[in-house]
Amino acid sequence: AFAFAAPVLADEDAELIVNGDLSIVTKTAAPAHLSDSLDEILSGWRFRNDDTQVMQMDDFDNPGMLGADVGLDQFAAVMGSEGKSCADCHDGPESLSTVRATYPKWNEAAGEVRTMQMQINDCLTNQMGAEAEKYDSAKMLNFEAMLAVAARGTPVNVAIDGPAQSVWETGKELYYTRFGQLELSCANCHEDNYGNMIRADHLSQGQVNGFPTYRLKNAKLNGIQSRFKGCVRDTRAETFNPGSPEFIALELYVASRGNGLSVEGPSVRN
Amino acid sequence: MKRIATTLVVLGLTAGAALAEVAPNDVAFEDGAIEQSLSGTAGNAENGRKIATTKSLGNCVSCHAAEAYADVPFHGEIGPMLDGAGSRWEEAQLRGIVANAKMIFEGTMMPAFYKTNGYIRPGNAYTGKAAEGDLPPLLSAQQVEDVVAYLMTLKDE
Ligand code: HEC
Ligand code: HEC
Ligand code: HEC
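You'll find chain B entered in an unreviewed UniProt entry as Cytochrome c, with Pacificibacter marinus given as the organism.

Dropping the structure here:
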């Protein structure tokens, strides 16, 4: 038996029910495209310790909900030269309740795969005459948190075929590339070793269904691509930046690995 | 001054001072093992233990647990426990495993500690910025020897 100090471990069998009534799927069969590598997919929530898990079970205890509330205010606020708010064109966040589960998504008119943030920036600049927001800015993450709440509990269902497929393939290649001086790929940590400790960190599958995540470590909402950046940096590699074509492709691919899990953001992580 | 000199030795930057140091690109592997000492100087096991358990040095503890360093908090569980490594392997094999484990364990997750090129998007340590030129190896020749000397002390009871 191990005599040395170990951190408090997660309850990987716990079930996530928010506010006593909203059931969140945090474990389910892996989507078909993963059949060669995984049998089941698990949300990062399963790998967090009891205290962190509990914080996400009640919206009053979940600090990420504050961001979602600010997102609602932003939604109603007039921004930009056209004198418009989001609410002028969209009937409240409920009317956008399919967004979080289906993005990144191919946009036919623009001929590109768009993340939520790219779409919101398109509305900000082209519809409202406002300044574009920086990738993963606090304002963007508040919008994202609001849209995550609107979609909470619905299954992630990102399309990987059709015109998005080549971008998805690029993302997949990045996922298995061993970057940096430590020569580590996302798969080394999140596919081959989830459930294992890497020093004091309990490795999850690196799913993105819980984003934006409120991290206790930095006490704010965190975006998907900023998280990717941190993970790539930790391989002693030159990272890509949030908003780069590489991270857009990687987000599409990683999101698709979570097809079937519930949208659960804003989640709480350490 | 003395302190600076010591630091340089630890970093392996005193090229002139090292006796018969084998450069990372000149290492001869045989079935994944390296017969010849990389530094020409016997390893110091005590120093090796420190390197293995210190995050900014070898950081072996991130992936390997061991009763032998039970006093160090938080052991990883990616690789096998290191207790008994000195009984399972010859010194030359351990030198090969630490220098470049991929020569024995094909495709292993364990990083190569005595290698300077062949990386994809190498970064400048943990800054996320691009590396400028060839990187120094993760461990110097002497540090590898020290770690190997430490592993050799991890015998089965
Ligand atoms: C003047 C009208 C207008 C305003 C103001 C506007 N949008 Fe949009 N929005 C649109 C249109 C039109 C689309 C569909 C665009 C397309 O499919 O190319 C859209 C699409 C979206 C989508 C994707 C919907 C989907 O189902 O794929 C999101 C998310 C979104 N908007 C969020 C916002 C937010 C947040 C704001 C405020 C910052 C905002 N929009 C402001 C017109 C607007
Ligand atoms: C050296 C190990 C390592 C590598 C390589 C790595 N990660 Fe991570 N990652 C971690 C650790 C540790 C955490 C925090 C604990 C956890 O959730 O797994 C984490 C967390 C994450 C999370 C947050 C999960 C959540 O539920 O909040 C995502 C997403 C993620 N990683 C994606 C990636 C992607 C994509 C790559 C490749 C570009 C990658 N990681 C490479 C170690 C790694
Ligand atoms: C990122 C993870 C990682 C790090 C860091 C790491 N190792 Fe390993 N190590 C492994 C894995 C995984 C294996 C199993 C080899 C395989 O892939 O089959 C291994 C195997 C070994 C073995 C052979 C195990 C046995 O006894 O059969 C030794 C010895 C070893 N490592 C020593 C070290 C030392 C010393 C360090 C630090 C200088 C280190 N490792 C750092 C992951 C790691």
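Picking up after the structure, the text goes on.
Engineer: I'd like a rundown of the overall build of chain A, residues and numbers included.
Structural biologist: Looking only at helices and strands, chain A has ten helices and eleven strands in total. A compact globule built from 270 residues would reach a C-alpha radius of gyration of about 18 Å, and chain A, at 18 Å, matches this within 12%. Along the first, second and third principal axes, the C-alpha set of chain A runs to 65 × 40 × 30 Å. Within chain A, buried positions represent 53% of all 270 residues. Accessible surface, chain A: about 11,700 Å² in total, of which carbon and sulfur atoms supply 50%. Mean positive and mean negative side-chain charge positions of chain A (22 and 38 charges, respectively) differ by 6 Å.

Engineer: Any details on the UniProt feature "domain: Cytochrome c" (unreviewed entry) in chain B? Residues and values, ideally.
Structural biologist: Mapped onto the present numbering, the UniProt feature "domain: Cytochrome c" (unreviewed entry) falls at residues 43-155 of chain B. Secondary structure content for residues 43-155 of chain B is 31% helix and 0% strand, while the C-alpha to C-alpha distance between its ends is 17 Å.

Engineer: Which residues make up the environment of Glu77(B), and what values go with them?
Structural biologist: Within the secondary structure layout, Glu77(B) lies in the loop between helix 2 (45-53) and helix 3 (85-88). Considered as a pair, Glu77(B) and Ser62(B) are 15 residues apart in the sequence and their alpha carbons are 7.8 Å apart. Beyond its immediate stretch of four places on either side in the chain, Glu77(B) contacts Gly195(A), Asn196(A), Met197(A), Ser62(B) and Cys63(B).

Engineer: Give me the coordination of the iron atom of ligand 2: which residues, what numbers.
Structural biologist: Residues and elements named next belong to chain A. Listed as protein donors to the iron atom of ligand 2 are His190 (NE2) and Cys231 (SG); their distances from the metal cover 2.0 to 2.3 Å. Geometry at the iron atom of ligand 2 is octahedral, judged from the six donor atoms that bind it and their angles of 88 to 179° at the metal. Placement of His190 in helix 8 (residues 186-190) and of Cys231 in helix 9 (residues 224-233) is noted, with a sequence separation of 41 residues between them. For His190, a relative accessible area of 17% translates into the label buried.

Engineer: Give a detailed account of the sheet that holds strand 10 (residues 220-222) of chain A, specifying residues and quantitative values.
Structural biologist: All names here are of chain A. Judged by pairing direction, the sheet is mixed, and its three strands sit side by side in the order 10-9-11 without closing on themselves. This sheet does not close on itself; its edge strands, each paired only once, are strand 10 and strand 11 (267-269). For this sheet, the mean angle separating the axes of adjacent strands, direction not counted, is 40°. Here three bridges tie strand 9 (residues 213-215) to strand 11, and the two strands are oriented parallel to one another. By the bridge assignment, Arg215 is partnered in strand 11 with Arg269.

Engineer: How would you explain helix 2 (residues 64-76) of chain A if you had to name every residue and give the values?
Structural biologist: All names here are of chain A. Those residues of helix 2 that fall on the buried side of the exposure criterion are Gly64, Met65, Gly67, Ala68, Gly71, Gln74 and Phe75. For helix 2, the arc enclosing every buried residue in end-on projection is 160°, short of the 170-degree limit, so these residues lie on one face. Facing away from the buried side of helix 2 by more than 90 degrees, the exposed set consists of Leu66, Asp73 and Ala76. Next to the buried residues of helix 2 lie helix 3 (86-89), helix 6 (138-151), strand 9 and strand 10.

Engineer: Break down the interface of chain B and chain A for me, citing the residues and quoting the values.
Structural biologist: Contacts between the two partners involve 40 residues from chain B, matched on the other side by 32 residues from chain A. Of the roughly 3,000 Å² buried at the junction of chain B and chain A (both faces included), carbon and sulfur atoms supply 56%. Summed over the three residues of chain B that lose the most area to chain A, namely Phe74(B), Arg121(B) and Tyr126(B), the buried surface amounts to 25% of that side. Linking chain B with chain A are two salt bridges, by the criterion used here. Salt-bridge contacts for Lys102(B) lead to Glu183(A); the nearest nitrogen and oxygen are separated by 3.6 Å.

Engineer: Would you mind going over the site of ligand 1 in detail, with residue names and values included?
Structural biologist: Residues and elements named next belong to chain A. As a matter of local geometry, ligand 1 sits amid 16 residues, with Cys86, Cys89, His90, Tyr103 and Cys123 nearest to it. Side-chain polar atom of Tyr103 to an oxygen atom of ligand 1: 2.5 Å apart, as the coordinates give it. For ligand 1, an oxygen atom lies 3.3 Å from a polar atom in the side chain of Asn107. Only helix 3, helix 5 (116-127) and helix 6 provide two or more residues apiece to the shell around ligand 1. Looking at the shell around ligand 1 residue by residue, the class counts come to ten nonpolar, five polar and one charged.

Engineer: I'd like a rundown of the domain arrangement of chain A, residues and numbers included.
Structural biologist: Residue and element names in this part refer to chain A. On domain assignment, one finds that chain A holds domain 1 (16-62 + 159-269) and domain 2 (65-151). A straight line from the C-alpha centre of domain 1 to that of domain 2 covers 22 Å. Counting residues at the interface gives 25 residues for domain 1 and 20 residues for domain 2. Both sides together, the interface formed by domain 1 and domain 2 hides about 1,800 Å², and carbon and sulfur atoms give 69% of it. When the buried area of domain 1 at its contact with domain 2 is split by residue, Leu221, Ile248 and Val263 rank highest and sum to 27% of it.

Engineer: How would you explain the packing of aromatic side chains if you had to name every residue and give the values?
Structural biologist: Applying the stated criterion across every chain, the model contains eight aromatic pairs over all chains. A ring pair is formed by Phe240(A) and Phe247(A), whose centres lie 5.6 Å apart and whose planes are at 70°; its orientation type is edge-to-face. Accessibility assignment for this pair places Phe240(A) and Phe247(A) in one class, buried. For the ring pair Trp89(B) and Phe105(B), a centre distance of 5.9 Å and an interplane angle of 85° mean the geometry is edge-to-face. With Trp89(B) in the loop between helix 3 and helix 4 (91-100) and Phe105(B) in the loop between helix 4 and helix 5 (141-152), this pair connects stretches of sequence that are 16 residues apart. In this structure Trp89(B) comes out as partly exposed when scored by relative accessible area, which is 25%. Among the aromatic residues, those joined into a cluster by ring pairs are Trp168(A), Tyr175(A), Tyr176(A) and Tyr253(A).

Engineer: Describe helix 7 (residues 165-175) of chain A, with residues and values.
Structural biologist: Helical geometry: 3.6 residues make up each α-helical turn, so side chains three or four residues apart lie on a common side. All names here are of chain A. What helix 7 keeps buried is the set Trp168, Gly171, Leu174 and Tyr175. Along the axis of helix 7, the buried positions cluster into a sector of 115°, meaning they face one direction only. Each element contacted by the buried residues of helix 7 is listed here: helix 8 and helix 10 (245-257).

Quick notes on the rules
Starting from 1, residues in each chain are numbered consecutively following that chain's sequence as written. Whichever chain is written first is A, and whichever ligand is written first is 1; the rest continue in order. Per-residue local features are limited, in this predicted model, to residues with pLDDT of at least 70; the limit for side-chain atom pairs, both in listing and counting, is 80 or more; totals at the level of whole chains, interfaces and linings are taken over all residues. To obtain the side-chain values, all non-hydrogen atoms of the structure were included, while hydrogens and water were left out. The numbering of helices and of strands both runs from the N terminus, where a helix is a DSSP run of H or I of at least 4 residues and a strand a run of E of at least 2. Only C-alpha atoms enter the radius of gyration; for comparison, a globular chain is expected to reach 2.2 Å times N to the power 0.38, where N is the number of residues. Accessibility here uses a 1.4 Å probe with only protein chains present; expressed as a share of the type maximum, an area under 20% marks a residue as buried, one over 50% as exposed, and anything in between as partly exposed. Per-residue and other accessible areas were derived by the Shrake-Rupley procedure at a 1.4 Å probe size, with only the shown protein chains allowed to occlude residues. For the purpose of charge, His is not counted, nor are the chain termini; Lys and Arg are scored as positive and Asp and Glu as negative. The atoms used to mark charge sites are NZ of Lys, CZ of Arg, CG of Asp and CD of Glu. UniProt positions are given in the numbering used here, feature names are shortened, and annotations may be inferred rather than shown by experiment. Contacts are assigned to residue pairs with any non-hydrogen atoms lying within 4.5 Å of each other. Only nitrogen, oxygen and sulfur atoms qualify as donors, and only when within 2.8 Å of the metal (3.2 Å in the case of Na, K and Ca); with water excluded, sites may look incomplete. Square planar and octahedral sites, with four and six donors, are those where opposite donors lie more than 155 degrees apart and all other angles lie between 65 and 115, tetrahedral sites have four donors with every angle between 85 and 135 degrees, and the rest are irregular. For two strands to be treated as a pair, DSSP must find at least two bridges joining them. Angles shown run from 0 to 180 degrees and are taken between the N-to-C directions of axes, each axis being a line fitted to C-alpha atoms and, for helices, limited to the stretch in contact. It is the directions from the helix axis to the C-beta atoms whose arc is reported. The quantity reported as buried area is the accessible area (1.4 Å probe) lost by two parts once they are put together, taken as the sum for both. By definition here, a salt bridge exists when the distance from a side-chain nitrogen of Lys or Arg to a carboxyl oxygen of Asp or Glu is within 4 Å. Throughout, near means a residue has at least one heavy atom within 4 Å of the molecule or strand. Two N or O atoms form a polar contact when they lie within 3.5 Å of each other; inside protein one atom must be a possible hydrogen donor and the other a possible acceptor, and for residues adjacent in sequence the pair counts only when both atoms belong to side chains. Three classes are used: nonpolar for Ala, Val, Leu, Ile, Met, Phe, Trp, Tyr, Cys and Pro, charged for Asp, Glu, Lys and Arg, and polar for all others, with Gly counted as polar. All the domain ranges listed were derived from an automatic or database domain assignment. The pairing test for Phe, Tyr and Trp rings, Trp by its six-membered ring, is centres within 6.5 Å, and the orientation test on the planes gives stacked under 30 degrees, edge-to-face over 60, and tilted for anything in between.

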